[in-house]
Amino acid sequence: MNEVKSAVRVLEVLELLTQWEKPLSLKEVVDELGYPKSSTHNLLATLVSRGYAVRDETDRYQLNSAFREGPGWICGPEARLSEMALPVMRELRDRCGETIMLGVLNGEGRLKTLERCSGTQPVRYESPLGSCLPSYCTAMGRALLAARDDAQIDNYLSRERIVQYTRHTLVDREQIKAHILKARREGYAVSDQEIDIGGSGVAAPVLNGKGETVAALNIAAISSRFSENREALIAEVKHNAGLLSSRLGWH
């Protein structure tokens, strides 16, 4: 069998990143595969630029979590989105100290968290990566549903099983729709202890170059800090969602 040397090297780098849970340094990849340092660096840089791998603040590499958590390699566009979003998310996390998340809707209209930058606060609120959550009671879900037309929102709400997760969860479909339409008008959505008691979040839509909503950026905090800093967190998430949108080509 004739193999293309460059293709084999790309696949072997991907296979190595898949096998290791922890991020690897350039030296570790070179030691594992025995490739020249310069060409290995170029391979890793290419994988990062195309969204298949990510490089962290310590210059270590790992497989993009969209491929680990998602349904295989069909996640390419989501991986590219994640790669563009992570620098913005990290800067926002470092500035506000809260957990930052990026999410999209799946084919059923439910929320899938693509990326998460855990907050630096000793007590923080987080949500698991990859899990599909109901959109009707989450900040990211509402921000994403707000980009759909009224008929699509009605269709989602008619299909979704409405569960009261906490005493704060809205369960009346008309009230839920009103909150989604409010998010459309105001450019952000809030979920205040509707999934978990003590956890709150605010999200804003992320647009691509065509002006289409492709994701939502979210700041998640424990509810006491969210109440204290509500207006500042709203301003931060809207500003940074706009910054990410501009990086995706929206002006």
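Residues numbered from 1 in each chain as written. Predicted model: local features only at pLDDT ≥ 70, side-chain atom pairs only at ≥ 80, totals over all residues. Heavy atoms only, no water.

1. A word on the packing of helix α1 (residues 5-19) against helix α2 (residues 26-33)
Working step 1: Across the interface, α1 lies against α2 with an axial gap of 11 Å and an inter-helix angle of 115 degrees. In this view, α1 runs roughly perpendicular relative to α2, as classed from their interaxial angle. For the crossing formed where α1 meets α2, the hand is right-handed. Residue-level contacts link E12, V13 and L16 of α1 to V29, E32 and L33 of α2.
Working step 2: Classifying every residue of the contact of α1 with α2 gives four nonpolar, no polar and two charged. (Axes fitted to C-alpha atoms, helices over the stretch in contact; angles between N-to-C directions. Helix = DSSP H or I, 4+ residues; strand = E, 2+ residues; numbered from the N terminus. Parallel < 35°, antiparallel > 145°, perpendicular 65-115°, else oblique. Left-handed = near helix turned anticlockwise from the far one by under 90°. Contact = heavy atoms within 4.5 Å. Nonpolar A, V, L, I, M, F, W, Y, C, P; charged D, E, K, R; others polar.)

2. Describing the packing of aromatic side chains
Working step 1: Tallied over the full model, the rule gives zero aromatic pairs.
Working step 2: Taking the ring centre of Y35 as reference, the NZ or CZ of R9 above it sits at 4.6 Å. (Phe/Tyr/Trp six-rings, centres within 6.5 Å; stacked < 30°, edge-to-face > 60°. Lys NZ or Arg CZ within 6 Å of the ring centre and 35° of its normal.)

3. Remarks on the side chain of T169
Working step 1: Within the secondary structure, T169 sits in the loop between α7 (150-159) and α8 (173-186).
Working step 2: Note on T169: relative accessible area 4%, which makes it buried.
Working step 3: Among the polar contacts listed, one links the side chain of T169 to the backbone nitrogen of T166, at a separation of 2.9 Å.
Working step 4: Those residues in contact with T169 that sit more than four places away from it in its chain are Y136, C137, V163, Q164 and E194. (Buried < 20%, exposed > 50% of the residue type's maximum accessible area, 1.4 Å probe, protein only. Polar contact = N/O pair within 3.5 Å; in protein donor to acceptor, adjacent residues only side chain to side chain.)

4. Comments concerning the nonpolar core
Working step 1: Within the largest apolar cluster, 28 residues are counted, with the highest numbers of intra-cluster contacts made by M89, I100, L102, V202, L217 and I219.
Working step 2: Those elements giving two or more residues to this core turn out to be α5 (76-96), β4 (99-105), β5 (111-117), β8 (199-207), β9 (213-222) and α10 (230-247).
Working step 3: Looking at which element gives the most residues to this core, the answer is α5, with seven residues.
Working step 4: When sequence neighbours within four positions are dropped, the list of residues in contact with M89 reads I100, M101, L102, E115, R116, C117 and L217.
Working step 5: Core analysis: the second largest hydrophobic core is formed by 25 residues, L145, A146, Y156 and A216 among them. (Core = buried A, V, L, I, M, F, W, Y, C linked by side-chain atoms within 4.5 Å.)

5. Here's the deal with α1
Working step 1: If you check α1, its first and last C-alpha atoms are 21 Å apart, about what 15 residues at 1.5 Å a residue would give, namely 21 Å.
Working step 2: Listed as buried for α1 are R9, V13, L14, L16 and L17. Here the buried residues of α1 occupy an arc of 160 degrees about the axis, which is enough to place them on one side. (Expected span 1.5 Å × (residues − 1). Arc of directions from axis to C-beta.)

6. Looking at the pattern of salt bridges
Working step 1: Inspection of every chain in the model, using the stated rule, returns 14 salt bridges.
Working step 2: Close ionic contact of R90 with E57 constitutes a salt bridge, the shortest N to O distance being 3.7 Å. Here R90, found in helix α5, pairs with E57, found in the loop between β2 (53-55) and β3 (60-63); they are 33 residues apart in sequence, far enough to count as distant.
Working step 3: Across the salt bridge formed by R142 and E194, the nearest N and O atoms sit 2.8 Å from each other. Highlighted residues: R142 in helix α6 (residues 139-145) and E194 in the loop between β7 (189-192) and β8, separated in sequence by 52 residues.
Working step 4: By relative accessible area, which is 1% here, R142 ends up buried.
Working step 5: E194 gets classed as buried once you look at its relative accessible area, which sits at 5%.
Working step 6: A network of salt bridges, in which partner residues are shared, links E57, R90, R93 and D94. (Salt bridge = Lys/Arg side-chain N within 4 Å of Asp/Glu carboxyl O.)

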